[in-house]
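A look at the structure
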Amino acid sequence: MSGKKILKVMPSRMTLQQMKAKAKGAKKGYDLLKKKADAIKSFLQKILRKILAVKERVGRLTQQAGVLHTKAICFAGEFNNQVIQSTPSEAAFKVSASEGNIAGVRIPIFERAGSDVESVQLVGLSAGGQQVAHCRKAYYAVMKDLVDLASLK
């Protein structure tokens, strides 16, 4: 023989029906696993495309935020210590974690918790207050994208 595994069974109609039922069950199980693998593979491809887009956007936004920070320092002076001292004890940007299910596979999902209302800080109002506000909005956008990136990874 060529190495095939042969089952020793009695040649009868009942045995034939049992073997057909086993073959049918094995084919159905194989098809279900194939569907699951295809669903996971297509979802992974979609996530990888999103990850690439978000990474490029984070890089671009981070660069713009750095430029805006430098501009704000130029117009408003050194305001970093003022921002640190006026920071409230509670975080303004909170992240909540939950769990998603994709074809039986559990994945973590991170979302921004709370509202999108930003707290207004009165830093640099005398000179360059608008630049400080633009800088804050830019870093806020970077934080949103970083949360999206963490959820995708």
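So, a few notes on the structure that sits alongside this text. Everything numeric here is computed off the predicted structure, so don't read it as measured data. For every chain, the first residue of the written sequence is number 1, and numbering continues from 1 along that sequence. Local features are withheld for residues below a pLDDT of 70 in this predicted model, meaning they are given only at 70 or higher, and side-chain atom pairs are given and counted only at 80 or more; totals for whole chains, interfaces and linings count all residues. By convention in this description, side-chain values take in all heavy atoms of the structure and omit both hydrogens and water.

Points about the nonpolar core
Note the threshold: Residue types Ala, Val, Leu, Ile, Met, Phe, Trp, Tyr and Cys, when buried and joined through side-chain atoms within 4.5 Å, form a set referred to as a nonpolar core. For each residue, the accessible area found with a 1.4 Å probe, counting protein chains only, is set against the maximum for its type, and the residue is called buried under 20%, exposed over 50%, and partly exposed in between. Only runs of H or I of at least four residues qualify as helices and only runs of E of at least two qualify as strands under DSSP, and these elements are numbered from the N terminus.
Core analysis: the largest hydrophobic core is formed by 6 residues, namely I47, I51, V54, V58, L149 and L152. Those elements that provide at least two residues to this core are helix 1 (13-76) and helix 3 (129-152). Considering every element that reaches this core, the biggest residue donor is helix 1, with 4 residues.

What about the side chain of T15?
Stated precisely, the cut-off is as follows: Here a polar contact is recorded for every N or O atom pair within 3.5 Å, except that within protein the pair must consist of a potential hydrogen donor and a potential acceptor, and residues adjacent in sequence are included only if both atoms are side-chain atoms. It only takes one pair of heavy atoms within 4.5 Å for two residues to be counted as in contact.
When you line up the elements, T15 lands in helix 1. At a separation of 2.9 Å, a polar atom in the side chain of T15 contacts the side chain of S12. Setting aside chain neighbours within four positions, we find T15 in contact with V9 and M10.

Observations concerning the pattern of salt bridges
As a reminder of what qualifies: Salt-bridge detection follows one rule: a side-chain nitrogen of Lys or Arg within 4 Å of a carboxyl oxygen of Asp or Glu.
As enumerated under the stated definition, the model contains 4 salt bridges in all. Across the pair D38 and K34 runs a salt bridge, and its minimum N-O distance is 3.8 Å. Of this pair, D38 and K34 both sit in helix 1, 4 residues apart, roughly one helical turn. Among the residues examined, D38 registers a relative accessible area of 36% and is labelled partly exposed. In this structure K34 comes out as partly exposed when scored by relative accessible area, which is 42%. Linking R106 and E99 is a salt bridge whose minimum nitrogen-to-oxygen distance equals 3.9 Å.

Quick look at helix 1
Which entries qualify depends on this criterion: A helix is expected to reach a length of 1.5 Å times the quantity of its residues less one.
With 64 residues, helix 1 should reach 94 Å at 1.5 Å per residue; the first-to-last C-alpha distance of 91 Å fits that figure. All buried positions along helix 1 are accounted for by T15, I47, I51, V54, V58, L61, A65 and A72. Where helix 1 is buried, its residues meet helix 3. Phi for G77, located one or two positions after helix 1, is positive at around 85°.

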